[in-house]
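Residues per chain, in single letters:
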Amino acid sequence: MSPFLLLAVILLGYMTTWYLIALLFKRNDLADIAWGLGFVLVAWVSFYIGGQSEIALVVNVLVTLWGTRLAYHIAKRNLKKPEDYRYQEWRNTWKYFYVRSYLQIFLLQGLFIYIIALPVMSVNLSDFYMTSPLFVLGILVWLVGYYFEVVGDAQLRHFISIPENKGKLMTQGLWRYTRHPNYFGEATMWWGIFISVAAVTGNILLIVSPLLINWLLRYVSGVPMLEAKYKDREDFKAYAMRTSAFIPLPPKSDY
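Just so we're clear, the structure is a prediction, and the values are computed from it rather than from any experiment.

Asks: Before we go on, may I ask you to explain the side chain of Ser244 in this structure?
Replies: As for its placement among the helices and strands, Ser244 is situated in the segment after helix H11 (234-242). A polar atom in the side chain of Ser244 sits 3.4 Å from the backbone nitrogen of Phe246. A polar contact of 2.5 Å, which involves the side chain of Ser244, links it to the backbone oxygen of Ile247. Discounting residues that sit within four places of it in the chain, Ser244 has contacts with Tyr177, Thr178, Arg179 and Leu249.

The following block contains the structure:
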């Protein structure tokens, strides 16, 4: 069996297992925890199958730092509360809920993991590497993304922990320059991984990975879904007028 096909089968089993757990606990938001860990699984299985080079090891460590931290952060935030409101809404409105949940939440997410993880699988399964300073550049880009995601999450967590801030918008720190520093950071990390992997494998087609996650976070499951909750609030409208939605930019001063 082709290693790429084997990894697809493993991902299918992985997401199906999470679906069954979600059915047991009636929490489809467990898919958000499965997201980061799915990349870690694919990374190390493909590393074990492949040549286990030092270059691949570096990329796998980066993916593991991101995936495990994200899964822990989401689990710590979500599991002490009811199911995320977005999944509750789907639970209440979807026809053929169980079938649709499996296909549209878990299997679709598994497909996205597979496509986005292509640079990781490719570097792990490749037996040819080129020397390129762009490999280091990619790591530096990844570090910028990691900073935005980790610091953005920490700033938001601290803001929410203050009782006086209940019901208020987070508009400080990194959130002053982008309404979603964590989403921007996640996309940036995958651009960094793509740069590093493309630099040493020469496979430019792997750009589908960062393009996909950038599109998902900015236009599909990230920014639009989260901001729909706040779209009618006057304070959010003012915040949105002066603050970039995704890419960090100086806030507009005339609002």
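Asks: Looking at this model, I keep getting lost on the packing of aromatic side chains. Mind explaining?
Replies: The description of an aromatic ring pair rests on the distance of the ring centres and on the angle between the ring planes. With the rule as written, the count across this model stands at 19 aromatic pairs. Relative to Tyr239, the ring of Phe236 lies with its centre 6.4 Å away and its plane at 65°, an arrangement referred to as edge-to-face. With Phe236 and Tyr239 both in helix H11 and three residues apart, this pair spans about one turn of that helix. A single burial state applies to Phe236 and to Tyr239, both of which are buried. What links up through ring pairs into an aromatic cluster is the set Tyr87, Trp90, Trp94, Phe97 and Tyr98. In this structure, Lys229 packs its charged tip against the face of Tyr85, placed 4.6 Å from the ring centre.

Asks: Please explain the environment of Met189 as it appears in this structure.
Replies: Tracing the sequence through the fold places Met189 in helix H8 (residues 181-201). Spatially, the C-alpha atoms of Met189 and Asp32 are 18 Å apart, while their sequence positions differ by 157 residues. With sequence-adjacent residues up to four places away left out, Met189 is seen in contact with Trp66, Trp142, Gly145, Tyr146 and Glu149.

Asks: Help me understand a positive patch on the surface in this model?
Replies: Residues Lys76, Arg77, Lys80, Lys81, Arg157 and Lys229 make up a contiguous surface patch of positive charge. One can find Arg157 in helix H7 (residues 134-161). Residue classification places Arg157 among the partly exposed residues on the basis of a relative accessible area of 44%.

Asks: Explain helix H1 (residues 3-25) here, please?
Replies: For the α-helix, the turn length of 3.6 residues means that residues three or four positions removed from each other point alike. When the terminal C-alpha atoms of H1 are compared, their 33 Å separation across 23 residues agrees well with the 33 Å that a helix rising 1.5 Å per residue should span. When H1 is considered as a whole, its buried residues turn out to be Leu7, Leu11, Tyr14, Met15, Trp18, Tyr19 and Ala22. Where the residues of H1 are buried, they touch helix H2 (30-49), helix H5 (97-116) and helix H6 (118-125). Phi turns positive one or two residues past the end of H1, at Lys26, with a value near 55°.

Asks: So what exactly am I meant to see when it comes to the environment of Asn78 here?
Replies: Assignment of secondary structure puts Asn78 in helix H3 (residues 54-78). The spatial distance from the C-alpha of Asn78 to the C-alpha of Asp32 is 9.4 Å, given a sequence separation of 46 residues. Not counting residues within four places of it along the chain, the set of residues in contact with Asn78 comprises Arg27, Asp29 and Asp32. A polar contact of 2.8 Å, which involves the side chain of Asn78, links it to the side chain of Arg77.

Asks: Looking at this structure, how should I read the nonpolar core?
Replies: Most often, soluble globular proteins have nonpolar side chains that are buried together. Ranked by internal contacts, the top residues of the largest apolar core, which has 60 residues, are Trp35, Phe39, Ile116 and Trp190. Here this core takes 10 residues from H8, the largest share from any one element.

Quick notes on the rules
- Residues numbered from 1 in each chain as written.
- Predicted model: local features only at pLDDT ≥ 70, side-chain atom pairs only at ≥ 80, totals over all residues.
- Heavy atoms only, no water.
- Helix = DSSP H or I, 4+ residues; strand = E, 2+ residues; numbered from the N terminus.
- Polar contact = N/O pair within 3.5 Å; in protein donor to acceptor, adjacent residues only side chain to side chain.
- Contact = heavy atoms within 4.5 Å.
- Phe/Tyr/Trp six-rings, centres within 6.5 Å; stacked < 30°, edge-to-face > 60°.
- Buried < 20%, exposed > 50% of the residue type's maximum accessible area, 1.4 Å probe, protein only.
- Lys NZ or Arg CZ within 6 Å of the ring centre and 35° of its normal.
- Patch = residues over 30% accessible without salt bridge, like charges linked within 9 Å, V, L, I, M, F, W, Y side chains within 5 Å.
- Areas by Shrake-Rupley, 256 points an atom, 1.4 Å probe, with all protein chains shown as cover.
- Salt bridge = Lys/Arg side-chain N within 4 Å of Asp/Glu carboxyl O.
- Lys, Arg positive; Asp, Glu negative; His and termini not counted.
- Charge placed at Lys NZ, Arg CZ, Asp CG, Glu CD.
- Expected span 1.5 Å × (residues − 1).
- Core = buried A, V, L, I, M, F, W, Y, C linked by side-chain atoms within 4.5 Å.

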